[in-house]
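Examining the three-dimensional arrangement
The residues making up each chain are set out below.
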Amino acid sequence: MKTIKDVFLFFQQGLNGLYDSRESQSIALLVLEEITGVSRAKLKAFPEEEITGQAAEKIQSILEELKTGRPVQYILGNAEFYGLNFLVNPATLIPRPETEELVEWILQSQKSKIKSQKPLSILDIGTGSGCIAISLKKNLPHALVTAIDISLDALHTAKQNAVINDVEVEFVEDDILKTKITTEKFDIIVSNPPYVTLEDKLQMHQNVTGFEPHSALFVPEHDPLIFYRAIADFANKHLNSGGQLFFEINESFGKEMVDLLDDKLFNNVELRKDMSGKDRMLKAISI
């Protein structure tokens, strides 16, 4: 393993059976960028560049961990989301591109609004690494952002991420199924709650099911919309009139989610597909 090109070849061979060649290349780029400090563009442009023996040893060690199925983001300890860097660990889900689309939708929804004297108030339910709350605060600096999670370990990581990204977010330990929030009102409530069923689990890669936190992923087979129902009920009480509710959802329950929000008397329920053409996001307006 002497050159950048060699690293790509080693990763493709070493991860064969776990990842396809495109994913292996993407993982190799992440590792090389982290270990060498060279940009991805330069790594791609100069594949014959040599790497040091020390870097090669680190890369080989990471490859051995990857062979166990452990996600590269957990090995490196960080992940990029919406142009920002986030610490990640087994207490938090790894931020995904589909969730970036949800953040973008929220930000786009604010561009057409007339600025008022009152700061925008936002609540992120089930914040995990804090990626949604922190990205929104970074791009809406005058907003008052609160984020809740049931996991103290996840909240600890989220607080670190807020410091790293130089934003102020209020993080609160809370369980939306038995929330302690009683009087606060918000203009936006957003959530990417657990939505993976046991049937879905059978189709998922082992680097997700074996390593990412199950409490942030899975829902009971008999009640897959348990969190959405609870959050919709909460939003009915805690969204200001005309406030917005945003969800990331299980692609298999698009119609059921629209029906749920219609039944809860939300207005203008909109189902949106992600970049892969899957039903992935919902927006609704409070009465």
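Residues numbered from 1 in each chain as written. Predicted model: local features only at pLDDT ≥ 70, side-chain atom pairs only at ≥ 80, totals over all residues. Heavy atoms only, no water.

**What about the UniProt feature "binding site: S-adenosyl-L-methionine" (unreviewed entry) in the chain?**
Where we set the bar: UniProt positions are given in the numbering used here, feature names are shortened, and annotations may be inferred rather than shown by experiment. In this description a helix means any DSSP run of H or I spanning at least four residues, a strand means any run of E spanning at least two, and both kinds are numbered starting from the N terminus. Residues count as neighbours in contact if any of their non-hydrogen atoms are within 4.5 Å of one another.
This chain's UniProt record puts "binding site: S-adenosyl-L-methionine" (unreviewed entry) on Gly126, Thr127, Gly128, Ser129, Gly130, Asp149 and Asn192. Spatially, the listed residues are clustered: although they cover 67 residues, their C-alpha atoms lie within 11.7 Å of one another. Within the secondary structure layout, glycine 126 lies in the loop between β3 (121-125) and α7 (131-139). If we ignore the near neighbours within four places in the chain, the residues touching glycine 126 are Ile148, Asp149 and Asn192. One can find asparagine 192 in the loop between β6 (186-191) and α9 (198-201). Asparagine 192 has contacts with Thr99, Ile125, Gly126, Ile132 and Glu248, leaving out every residue within four places of it along the chain.

**A closer look at the sheet that holds β6**
This is how it is decided: Between any two strands, pairing holds if DSSP finds at least two bridges. The angle between two axes is taken between their N-to-C directions and runs from 0 to 180 degrees, where each axis is a line fitted to C-alpha atoms and a helix contributes only its stretch in contact.
Pairing within the open sheet is mixed, and its 7 strands lie in the order β5-β4-β3-β6-β7-β9-β8. Both outer strands of the open sheet, β5 (170-173) and β8 (267-273), are each paired with one neighbouring strand and no more. Recorded for the sheet is a direction-independent mean angle of 15° between the axes of neighbouring strands. Here strand β7 (residues 239-248) pairs with strand β9 (residues 279-285) via 5 bridges, running antiparallel.

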